Amino acid sequence: MSKYTIGIDFGTLSGRAILVDVNTGEELAISTLEYKHAVMDNSLPSGKKLPRDWALQHPKDYLDVLSTTIPNVIGEAGVSPDDIIGIGIDFTACTIIPIKSDGTPLCFLNEYKDEPHAYVKLWKHHAAQDKADQLNEIALKMDQQKWLDRYGGKISSEWLFPKVWQILDEAPHIYEETDYFIEAADWVVWQLTGNHTRNACTAGYKAIWHKQDGYPDPEFFKELDPRLENVVEEKLNMPITPLGEKAGEITERAADMTGLTVGTAVAIGHADAHVCFPALKIDGPGKMLNIIGTSSCHLILSEEEQLVPGICGVVEDGICPGFYGYEAGQNCVGDTFGWFVDNCVSAEYYKLAHHEEIGIYEYLTRKAQQLHAGENGLVALDWWNGNRSTLVDVDLTGLIVGMTLQTKPEEIYRALLESAAYGTRKIVETFRDNGVPVNEFFAAGGIARKNSLMMQIYADVLDMPVKIGGSSQAPALASAIFGAVAAGSDRGGYDDVFEAGKVMGKLDDKVYYPIPENKEIYDRLYSEYSALYDHFGKYTRDTMKRLKTIRKEQTTS
Ligand SMILES: Nc1ncnc2c1ncn2[C@@H]1O[C@H](COP(=O)(O)OP(=O)(O)O)[C@@H](O)[C@H]1O
Ligand SMILES: O=C(CO)[C@@H](O)[C@@H](O)COP(=O)(O)O
């Protein structure tokens, strides 16, 4: 008798569920729901305006994903809910919700509906950079290198404490009324199981938690703001559960909402990038996995804890049990291309794409593919939404050098694709230079399978073969794998995530190999990228910051 699991990937704009056969990895059904409120970066549902750099979400959209996509995949696959043995959840991170002790988000309560700080702060909420700057400065002054160095020497404004501090500073009453700040991954798991759990991945990477040392001392938090002295005890006080464990089982309420059977196993929540390893059968060190979507995450396992400057963090068991997991990343990849096609491509190009019955990305990609490496004469810095690694500063901005009156949209588009590859090479070199070998390169996420030109450019720029995940929904497949492990072998699942990955994971037959003549050109262009990277990112980084300050002043005056 076949058994099945469901994996749900909560992305930036939508939630995607897939139903997978546990014995073959076959994906029987998929269902996607776009979030009704998408990313609230201009205003709240009430119309209240939001300042620049904000990015909020509405937790009701996550419940809609559960109540829509799960029944959809069960119906489409035509399987009995009794044969679905487990479910796993992954989510963007650090995406946090202020909640009451019973799990109710503050924004669900009438009195807080018009309070921006009562809503979900999405991973790309970038309005707490000043808090991150102060936090890093104070950490250095207080000799907190022990944990700071594990986070590459800097905490990003995308992570939990700068966001929580911003809430305390700008809306102390919301901070006061919040019983817990919870990652959205853990909140969704709570809605399914009735159990309040915290996963080790997001606690480790996003909330400065360490398996042996715990959190920074209260003295440190007190120095940030005396009201934060006991922030851990007061707002985050939940035991942390390793990945690969079971969080609980589907409750009656969740069964009514989803159509699943009461008692179905639910895995501990995971982050959308980190979860992916078993979906590509990756089971050990030296194999970098790059999840390329709206943003991009670079993840790698190692048997040792090395301190690598400018990365997001190294966390023991933070990706898969038994290894140190490293994360680095780029704040925007797909988002940059989205910005470009929405703002910089003429109606004529859209008309021609329509005429050829293809989308605008495919149209631009075809045109960009006809160019030789280096023929566009452009080098771009990939900082359209800041720099996550290795400079850790969301105030840095994008740049294109080499533009002339002859420059065509497809040339700029190609330069943007190339800049994402250069940013990735910078990350790979930083790992290698600091004792973390990168021997193989794997790519997954929406773009990895959609854009073959981009993957070829990655192979050429990195001078490494690029292997592609076999599923168009790698995070959801990986979550289904974690669901099978939560169910365990007694119920027809697995006891070990790597064992489950071997059966349920998949790689595409297509591998992109470096083209030697392109590699040579890209080596030269990469050295130009590196010079610009150092110039604008290190020596004159204040230029970009000053421009942002002037813009802010002029927007509010
Ligand atoms: N063919 C394409 N080439 C490059 N970028 C694309 C293409 N199609 C979509 N995108 C961009 O990819 C991003 C979506 O990535 P995806 O992995 O599907 O979602 P998510 O990041 O939410 O998990 C969007 O920012 C979009 O602009
Ligand atoms: O930051 C992380 C994980 O650390 C991601 O959740 C975040 O970059 C969002 O990922 P997507 O680009 O939406 O796939």
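Computed from a predicted structure; not experimentally measured.

*Asks:* Would you mind showing me how to read the environment of Asp-283 here?
*Replies:* By the secondary structure assignment, Asp-283 is in the loop between strand S13 (270-271) and strand S14 (287-292). In this structure the C-alpha to C-alpha distance between Asp-283 and Gln-554, which are 271 residues apart in sequence, comes to 52 Å. Residue contacts for Asp-283: discarding those within four places in its chain leaves Phe-323 and Phe-498.

*Asks:* What should I look at first to understand the sheet that holds S14 in this one?
*Replies:* Remark on secondary structure: sheet strands pair via backbone hydrogen bonds, oriented parallel or antiparallel. Spatially, S16-S17-S15-S14-S20-S21-S22 is the arrangement adopted by the 7 strands of the open sheet, whose pairing is mixed. Here the strands that pair on one side only, and so sit at the sheet edges, are strand S16 (313-316) and strand S22 (507-512). Taking each pair of neighbouring strands and ignoring which way they run, the sheet shows an average axis angle of 25°. Inspection of the sheet shows S16 paired to strand S17 (residues 324-330) by 4 bridges, in the antiparallel sense. Following the sheet pairing, Val-315 is matched in S17 by Gly-325. On the sheet, helix H14 (residues 409-433) packs against S14, strand S15 (296-302), S17 and strand S20 (440-444) and is oriented at approximately 150° with respect to S17.

*Asks:* Before we go on, may I ask you to explain the site of ligand 2 in this structure?
*Replies:* Thr-12, Thr-92, Ala-93, Trp-123, Lys-206, Asp-272, His-274, Thr-294, Ser-295, Cys-297, Glu-327 and Arg-388 make up every residue found near ligand 2. Between ligand 2 and Thr-294, the relevant distance is 3.4 Å, taken from an oxygen atom to a main-chain nitrogen or oxygen of the residue. One nitrogen or oxygen atom from the side chain of Glu-327 is found 2.6 Å from an oxygen atom belonging to ligand 2. Compared with its free state, where it exposes 370 Å², ligand 2 has 93% of that area covered by protein. Applying the majority rule of atoms within 2 Å of the grid points places ligand 2 in the largest pocket. A breakdown of the residues in the shell around ligand 2 according to their chemical character gives 3 nonpolar, 5 polar and 4 charged.

*Asks:* Hey, could you run me through the pattern of salt bridges in this one?
*Replies:* If the charged atoms of two oppositely charged side chains come close together, the side chains can form a pair. One pass over the full model with this rule turns up 35 salt bridges. Residues Asp-133 and Lys-545 are paired through a salt bridge, measuring 3.7 Å at the closest nitrogen-oxygen approach. Pair noted here: Asp-133 is in helix H2 (residues 129-141) and Lys-545 is in helix H20 (residues 541-556), with a separation of 412 residues, a long-range link. Given a relative accessible area of 32%, Asp-133 falls into the partly exposed group. Several salt bridges converge on common partners, so that one network encompasses Asp-53, Asp-133, Asp-393, Asp-395, Arg-541, Lys-545 and Lys-548.

*Asks:* Could you clarify how one ought to interpret unusual backbone geometry in this entry?
*Replies:* Glycine aside, negative phi is the norm for most residues, and most peptide bonds take the trans geometry. In this structure, Cys-94 follows Ala-93 across a cis peptide bond, with omega equal to 0°. Thr-390 follows Ser-389 through a cis peptide bond whose omega is 10°. Tracing the backbone through its elements, the reader meets Thr-390 in the loop between strand S18 (379-381) and strand S19 (399-401). The backbone of Asp-53 shows a phi angle near 75°, a positive value even though the residue is not glycine. Within the secondary structure layout, Asp-53 lies in the loop between strand S3 (27-34) and strand S4 (56-57). The class for Asp-53 is partly exposed, based on a relative accessible area of 25%.

*Asks:* Would you mind going over the site of ligand 1 with me for this structure?
*Replies:* In the vicinity of ligand 1, 14 residues are found, and the nearest of them are Arg-16, Thr-294, Gly-334, Tyr-361 and Gly-446. For ligand 1, an oxygen atom lies 2.5 Å from a polar atom in the side chain of Thr-294. At a separation of 3.0 Å, a nitrogen atom of ligand 1 approaches a polar side-chain atom of Asn-451. Here ligand 1 has 580 Å² of accessible area as a free molecule, and 80% of this is covered by the chains. Here ligand 1 is seated within the largest pocket. Looking at the shell around ligand 1, the elements that each hand over two or more residues are helix H11 (334-343) and helix H15 (446-450).

*Asks:* Just checking my understanding: could you explain the layout of surface pockets for this structure?
*Replies:* Any space left empty among the atoms is revealed by the rolling of a water-sized probe across them. Each pocket or cavity is described by its volume, and for the largest pocket that value is around 1200 Å³. Elements with a contribution of two residues or more to the lining of the largest pocket: strand S2 (14-21), S14, S15, H11, helix H13 (360-369), H15 and helix H17 (474-487). Broken down by element, the lining of the largest pocket gets its largest block of residues, 5 residues, from H13. Counted by class, the lining of the largest pocket contains 16 nonpolar, 19 polar and 14 charged residues. If you trace the second largest pocket, you find 28 residues lining it, with Asp-41, Arg-52, Asp-53, Trp-384 and Asn-385 closest to the centre. Among the elements that make up the lining of the second largest pocket, the one with the highest residue count is H11 (6 residues). Per-class residue counts for the lining of the second largest pocket are 11 nonpolar, 9 polar and 8 charged.

*Asks:* What exactly am I supposed to notice about the pairing of S17 here?
*Replies:* Moving residue by residue along a regular strand, the side chains alternate between the two faces of the sheet. Among the 7 residues that make up S17, 7 are buried, leaving the element largely enclosed by the rest of the structure. Residues Tyr-324, Tyr-326, Ala-328 and Gln-330 point to one face of S17 and Gly-325, Glu-327 and Gly-329 to the other, with burial holding for every one of them. Sheet topology places S15 next to S17; 7 bridges connect them, and they run antiparallel. Bridge pairing links Ile-300 to Tyr-326 in S17.

*Asks:* Help me understand the packing of aromatic side chains, please; the structure alone is not making it clear to me.
*Replies:* For any pair of aromatic rings, the description consists of the separation of the ring centres together with the inter-plane angle of the planes. Throughout the structure, instances matching the rule amount to 22 aromatic pairs. Pairing Tyr-175 with Phe-181 gives two aromatic rings, centres 5.9 Å apart and planes at 35°, and the pair type is tilted. Of the two residues, Tyr-175 and Phe-181, both sit in the buried class. Summarising the aromatic geometry, the rings of Tyr-326 and Phe-431 are spaced 5.9 Å apart at their centres and angled 90° between planes, so their arrangement reads as edge-to-face. You can see Tyr-326 sitting in strand S17 and its partner Phe-431 sitting in helix H14, a full 105 residues away along the chain. Residue Tyr-326 is classed as buried on the basis of its relative accessible area of 0%. Linked through ring pairs, Trp-383, Tyr-422, Tyr-522, Tyr-526, Tyr-529 and Tyr-533 together constitute an aromatic cluster. Over the ring of Tyr-533 we find Lys-426, and its NZ or CZ is 4.9 Å from the ring centre. Sitting over the face of the ring of Tyr-512, Lys-510 holds its NZ or CZ atom 4.7 Å from the ring centroid.

Rules used in this analysis
Residues numbered from 1 in each chain as written. Chains lettered and ligands numbered in written order. Predicted model: local features only at pLDDT ≥ 70, side-chain atom pairs only at ≥ 80, totals over all residues. Heavy atoms only, no water. Helix = DSSP H or I, 4+ residues; strand = E, 2+ residues; numbered from the N terminus. Contact = heavy atoms within 4.5 Å. Pairing = 2+ DSSP bridges. Axes fitted to C-alpha atoms, helices over the stretch in contact; angles between N-to-C directions. Near = heavy atom within 4 Å. Polar contact = N/O pair within 3.5 Å; in protein donor to acceptor, adjacent residues only side chain to side chain. Areas by Shrake-Rupley, 256 points an atom, 1.4 Å probe, with all protein chains shown as cover. 1 Å grid on protein atoms, 1.4 Å probe; cavity = no way out; pocket = protein on both sides within 12 Å on 5 of 7 lines; lining within 4 Å. Sits in = over half its atoms within 2 Å of the grid points. Nonpolar A, V, L, I, M, F, W, Y, C, P; charged D, E, K, R; others polar. Salt bridge = Lys/Arg side-chain N within 4 Å of Asp/Glu carboxyl O. Buried < 20%, exposed > 50% of the residue type's maximum accessible area, 1.4 Å probe, protein only. Points joined across faces, edges and corners; volume = space filled by probe spheres on them. Phe/Tyr/Trp six-rings, centres within 6.5 Å; stacked < 30°, edge-to-face > 60°. Lys NZ or Arg CZ within 6 Å of the ring centre and 35° of its normal.

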